[in-house]
Amino acid sequence: MKIVVLKFGGTSVADVPQIKNISLKVKKEVYLGNKVIVVVSAMAGVTNNLIDLVKRMSDTPPNSEYDVVLSTGEQVTSALLAIALHNLNIKARSWLGWQVPVTSNKSYSKAVIEEVKTGPLLEFFKKNQVAVVSGFQGLSGENRITTLGRGGSDTSAVAIAAAFSAERCDIYTDVDGVYTTDPRIVKSAKKLDLITYEEMLELASQGAKVLQTRSVALAMKYNVKLRVLSSFEDLPGTSIIKEGKNMEKSEISGIAHSLNEAKITLSGVPDRPGQAAEIFGALAKYSINVDMIVQSSSINHKATDITFTIPETDLLTAESTIKKIQKKINFEKFITETNVVKISVVGNAMRTQSGIAKTMFETLANNQINIHVISTSEIKISVLISSDYYELAMRSLHSAFGLDRK
Ligand code: ADP
Ligand code: ASP
Ligand code: MG
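Residues numbered from 1 in each chain as written. Chains lettered and ligands numbered in written order. Predicted model: local features only at pLDDT ≥ 70, side-chain atom pairs only at ≥ 80, totals over all residues. Heavy atoms only, no water.

**Q** Mind laying out the pattern of salt bridges, listing which residues take part and the relevant values?
**A** Tallied over the entire structure, the rule returns 21 salt bridges. Between Lys126 and Glu123 there is a salt bridge, and its shortest N-O distance comes to 3.1 Å. Its relative accessible area of 61% is what places Lys126 among the exposed residues. Accessibility expressed as a relative area gives 49% for Glu123, which makes it partly exposed. We note a salt bridge from Arg395 to Glu391, for which the minimum N-O separation is 3.8 Å. Taken together, the residues span about one helical turn, with Arg395 and Glu391 both in helix 13 (residues 390-400) at a distance of four residues. Among the charged side chains, a network of salt bridges with common partners joins Glu29, Arg168, Asp170 and Arg227. (Salt bridge = Lys/Arg side-chain N within 4 Å of Asp/Glu carboxyl O. Buried < 20%, exposed > 50% of the residue type's maximum accessible area, 1.4 Å probe, protein only. Helix = DSSP H or I, 4+ residues; strand = E, 2+ residues; numbered from the N terminus.)

Take a look at the structure:
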């Protein structure tokens, strides 16, 4: 039995005509003789509206209720698509996350999938029907609905594809593949035919929202055959693959940006062992993901400054957490800045080629763009700059690394 997983994102299910359009794509797969599991997102804009609704009710809603509200978007689309398939005489049924079930931990709003149970759907396939699963949803051990974080339907799709050892997992979206950078910002961005899991993981984690980072990590772990394709045009898309000799030759495979960044500086931190452990330990307790970290060296061994970045959405929690330990750490000032963006260049070739950092810093300098913080990994260099210049930075780096479409 060949199972294929097709995932459709928000813009692909934005309205009734779009849902009818994708029902035709599903029909095509059914006619090819495949068992089809479709995973859908909420209609474009719906999740944002639901978040606004909760915020208008409370600044501090119980997390579990927040997830009950947010998960409703995907419930609507799964049933609408099942109805559209019925219109085409294709037997189909909607499946909510808890019905599959997709079990998760109880980190509401950023829950991690524990297991996708295959029994009920395998039984259902005996009836030769299409399963339309609501993405983004999980079920906690407390028997409550969870959601998987923004963009989480990608992760639902890949987790389902892995659990059913699917032939492939096709992510249909509003662009026709993975590009060298966000094609909405850099018009000369090039579509990639192939990209490695590793590079895609790095691009996604640095802000390329075309795939949720966790979906790429899962695909890499379980060897899921993953593709990104357009919902609107019949084009070949991008395949995410293991590293091989056919890879694109340029030194950099892509550039990502993240606007969801906040910079925190603790100035005058007394220079003694255990301070960093205290600060970052406190943040970890609240699952705040710290990204870039710089500590100035203390010339007189008395005090240093520690600067780090976190997701802007966690700033309030971070501020209250750090202020609780201010007396213990005895730092002088807590300074924040949110008008910042992180730009990252990513490429496997960085492992072997030198000069990439030089090109990056020179290009920014030539454009009078000041760098606040730098961080690197084996295949990535990131800089934090003022968000006023992020489009200029992305465009000039894209050209400097020879990525522009001819
Ligand atoms: P969906 O609603 O289908 O999940 P998303 O909005 O989450 O779609 O992701 C698709 C968007 O990702 C594109 O419209 C594009 O603006 C953005 N994007 C960012 N970086 C890239 C990239 N490197 N390649 C392709 N798209 C990218
Ligand atoms: N609807 C959710 C969101 O907007 C999940 C998804 O689209 O993947 O984040
Ligand atoms: Mg998405």
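Having seen it, we continue.
**Q** I'd like a description of the sheet that holds strand 11 (residues 226-230), backed by residues and values.
**A** Taken together, the eight strands give an open sheet; going across it, the order is 3-6-2-1-9-11-12-10, and neighbouring strands pair in mixed fashion. The strands lining the two open edges of the sheet, one partner per strand, are strand 3 (92-95) and strand 10 (194-196). For this sheet the average axis-to-axis angle between neighbouring strands, irrespective of direction, equals 20°. As judged from the six bridges shared by strand 1 (residues 3-8) and strand 2 (residues 35-40), these two strands associate in the parallel manner. Bridge assignment links Val4 to a residue of strand 2, and that residue is Val36. (Pairing = 2+ DSSP bridges. Axes fitted to C-alpha atoms, helices over the stretch in contact; angles between N-to-C directions.)

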